[in-house]
Amino acid sequence: MDTPYASALVWFRRDLRCTDHAALYQALKAARTVHCAFVFDTALLDPLPRQDRRVEFIRDSVAALDGTLRALGGGGLHALHGVAADELPALARRLGVQAVFANHDDEPSALARDAAVRDRLAGAGIALHTFKDHVVFEREEIQTQAGKPYSVFTPYSRAWHGKLDDFYLKAYPVERYAQRLASAPAPVVPELETLGFERTNLRALGIRPGTEGAEALVNDFAGRIDRYDALRDAPAVKGPSYLGVHLRFGTVSIRRLAAMARRNASSGAATWLKELAWRDFYAQVLANFPQVGEGRSFRPEYDRIAWETGPLAEVRFTAWSEGRTGYPLVDAAMAQLNQTGYMHNRLRMVTASFLCKDLGIDWRHGERYFADRLNDYELASNNGGWQWASSSGCDAQPYFRIFNPVSQGGRFDPEGKFVARYLPQLARLPKAVIHAPWTAKPVDLAAAGLELGRDYPLPIVDHAQAREETLRRYAVVKGRGA
Ligand SMILES: Cc1cc2nc3c(=O)[nH]c(=O)nc-3n(C[C@H](O)[C@H](O)[C@H](O)COP(=O)(O)OP(=O)(O)OC[C@H]3O[C@@H](n4cnc5c(N)ncnc54)[C@H](O)[C@@H]3O)c2cc1C
């Protein structure tokens with residue numbers, strides 16, 4: 001086996017596992033001794049609130065990774081705390097490695113960070129090698145016949161499924177070379193408190209970090225995947241996989257998940273595989289059209305929309321974010337997000353539509369709010385989802401398609417169970433009116449012990465009227481109404 005390097009360093013970032021790991025495998029193949037490192041990057045951590053479920057998830061996943069690397073072959077992680085662009089090159093120099101290996105991260109800020117690291121490493125004569133790991137197909141791997149990136153999902157998905165075969169889903173056999181892992185100093189992964197953060201309700205929510213947590217979810221979902229297509233749209237039932245946070249931080253391999261779905265002939269598994277293709281789709285949109293990650297609409301004409309601003313818009317945005325719009329499905333969804341850091345996919349669509357199309361508020365405010373709170377926050381998918389809902393995106397829903405939060409509730413939460421879980425004050429309303437409490441008869445309100453305006457708000461906007469205003473507001477995209 002050809003090992004061009006005497007020693008190398010693997011830089012873990014959003015890939016917190018050591019099985020089926022592209023960069024780790026390539027480093028182990030290319031070097032006789034391989035060190036591993038993770039940087040708690042103050043450039044990312046400093047602006048965050050002191051309680052953040054993601055930081056706790058990452059910290060505990062890094063500690064678990066350190067343990068697994070040690071168990072594998074005496075290895076372990078160098079855990080650093082500081083600005084990654086300074087810390088990582090400094091460690092590489094101290095260790096005297098000839099190359100650093102890492103997996104691709106195509107978010108604009110990560111690309112800028114990596115460019116700075118590459119420059120500093122080059123100054124010390126150290127190479128930086130990066131690899132695809134986070135997605136099945138990345139960047140320019142799936143293109144139209146004209147050699148352009150896809151901007152519409154259906155043909156992209158067809159090409160994605162057409163290209164998918166065992167080769168692309170093969171696991172990287174890291175274990176084969178584990179004896180090349182260098183030992184690191186005794187465990188030094190800082191405690192959460194040392195990093196300046198406090199514990200959250202992550203564990204109380206049953207969210208288990210690390211590959212062990214991912215494994216438990218994969219096993220649980222494997223028994224339900226066949227019914228994914230039937231159950232995925234009902235927020236009150238356990239339909240989806242809840243693997244988003246593990247995919248985000250790489251505590252599970254995307255190849256493993258795609259292979260699991262591909263092996264299964266059920267329509268549920270086929271639908272789920274398509275969701276993984278959506279994830280790749282948005283990742284390649286961000287890689288090929290990075291302006292979407294910098295606050296611009298994919299379709300520039302949508303940046304001409306005059307969104308609501310001023311004190312009333314601010315009051316309404318706060319009501320939306322705190323779950324006080326008077327529309328139970330929207331409010332219960334926001335409560336789910338605020339209390340758990342998760343929101344069901346159907347409800348992400350409903351709440352996003354409500355913000356842009358019922359309240360007339362710029363989708364970028366909602367995008368930011370989700371970014372701050374979602375455990376599985378992923379710039380590419382979040383931006384894709386918001387641009388889809390606001391109709392400004394590449395493959396978005398047409399602007400005149402406006403979700404009605406009452407009928408969405410009747411359709412996807414017909415018993416009102418989801419609403420009752422997060423808005424217990426509505427639990428005793430008849431299910432016929434639970435999604436529109438203002439239509440309840442006084443006798444039903446009294447029986448439910450509910451006074452509207454006191455125990456639960458009246459609607460902050462009238463949906464039918466808001467719909468008309470939105471159609472007027474959006475007319476500008478057709479060159480009218482500007
Ligand atoms: C406004 C809005 C914002 C969103 N923000 C994010 C985000 O920040 N991070 C994120 O991972 N997903 C986001 N999504 C997509 C989707 O809602 C979540 O991926 C999904 O709800 C996560 O739950 P799960 O892991 O149980 O998903 P499952 O239904 O089990 O799906 C499995 C995986 O497929 C991927 N996936 C599923 N649906 C989509 C989709 N529409 N787009 C891209 N990937 C998808 C995710 O990685 C997900 O974990 C957003 C959707 C909308 C409409």
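Draft legend 1. Spatial organisation of the site of the ligand. Looking at the ligand, there are 28 residues lining it, with Tyr228, Ser241, Tyr242, Gly244 and Asn345 nearest. Here an oxygen atom of the ligand sits 2.6 Å away from a polar atom, N or O, in the side chain of Ser241. Between an oxygen atom of the ligand and a side-chain N or O atom of Tyr342, the distance comes to 3.1 Å. Across the complex, the protein chains shield 95% of the 820 Å² of accessible surface that the ligand would expose by itself. Counting residues per element, the shell around the ligand draws most heavily on helix α12 (residues 267–288), at 6 residues.

Draft legend 2. Structural view of the pattern of salt bridges. The final tally for this structure, using the stated rule, is 36 salt bridges. Taking the shortest distance from any N to any O, the salt bridge between Asp60 and Arg59 comes out at 2.9 Å. Judged by its relative accessible area of 8%, Arg59 falls in the buried class. The partner of Lys132 in a salt bridge is Glu141, with the nearest N and O atoms 3.0 Å apart. The exposure class assigned to Glu141 is partly exposed, which follows from its relative accessible area of 26%. Connected via shared salt-bridge partners are Glu56, Arg59, Asp60, Glu191, Arg199 and Arg203.

Draft legend 3. Structural detail: the pairing of strand β3 (residues 77–82). Extensive coverage of β3 is indicated by the burial of 5 of its 6 residues. Bridging between strand β2 (residues 31–41) and β3 involves 6 bridges; their strand directions are parallel. By the bridge assignment, Phe40 is partnered in β3 with His81.

Draft legend 4. Up close: the sheet that holds strand β1 (residues 5–12). The parallel open sheet is built from 5 strands, whose spatial order is β3-β2-β1-β4-β5. The sheet is open, and its two edges are formed by β3 and β5 (127–131), each paired on a single side. Taking each pair of neighbouring strands and ignoring which way they run, the sheet shows an average axis angle of 30°. Summarising the sheet, β1 and strand β4 (residues 99–103) pair through 4 bridges and their orientation is parallel. Bridged to Val10 within β4 is Phe101. Sheet strands in contact with helix α3 (residues 53–73) are β1, β2 and β3, and its direction is about 165° off that of β2.

Draft legend 5. Local environment of the packing of helix α13 (residues 311–321) against helix α16 (residues 363–373). In contact at an axis separation of 12 Å, α13 and α16 are set at 35° when each is read in the N-to-C sense. In the packing of α13 onto α16, the handedness of the crossing is right-handed. Side by side, α13 and α16 meet where Phe317, Trp320 and Ser321 of the first sit next to His365, Gly366, Tyr369 and Phe370 of the second.

Draft legend 6. Region of interest: the environment of Ser297. You can see Ser297 is positioned in the loop between α12 and α13. You can call Ser297 buried: its relative accessible area is 5%. As a C-alpha pair, Ser297 and Gly206 span 91 residues in sequence and 37 Å in three-dimensional space. Discounting residues that sit within four places of it in the chain, Ser297 has contacts with Tyr302, Asp303, Trp363, Arg364, Gln387 and Ser392. A distance of 2.7 Å separates the side chain of Ser297 from the side chain of Asp303, its partner in a polar contact.

Draft legend 7. Fine view of α16. Taken together, the buried positions of α16 are occupied by Trp363, Gly366, Glu367, Tyr369, Phe370 and Ala371. Residues of α16 that are buried make contact with α3, α13, α14 (328–340), α15 (345–358) and α17 (379–389).

Draft legend 8. Looking closely at the environment of Gly409. Inspection of the secondary structure puts Gly409 in helix α18 (residues 405–412). Along the backbone, Gly409 and Val477 are 68 residues apart, and their C-alpha atoms lie at a distance of 30 Å. Once residues within four sequence positions are removed from consideration, Gly409 is found in contact with Leu329, Pro414 and His435.

Analysis parameters
Residues numbered from 1 in each chain as written. Predicted model: local features only at pLDDT ≥ 70, side-chain atom pairs only at ≥ 80, totals over all residues. Heavy atoms only, no water. Near = heavy atom within 4 Å. Polar contact = N/O pair within 3.5 Å; in protein donor to acceptor, adjacent residues only side chain to side chain. Areas by Shrake-Rupley, 256 points an atom, 1.4 Å probe, with all protein chains shown as cover. Helix = DSSP H or I, 4+ residues; strand = E, 2+ residues; numbered from the N terminus. Salt bridge = Lys/Arg side-chain N within 4 Å of Asp/Glu carboxyl O. Buried < 20%, exposed > 50% of the residue type's maximum accessible area, 1.4 Å probe, protein only. Pairing = 2+ DSSP bridges. Axes fitted to C-alpha atoms, helices over the stretch in contact; angles between N-to-C directions. Contact = heavy atoms within 4.5 Å. Left-handed = near helix turned anticlockwise from the far one by under 90°.

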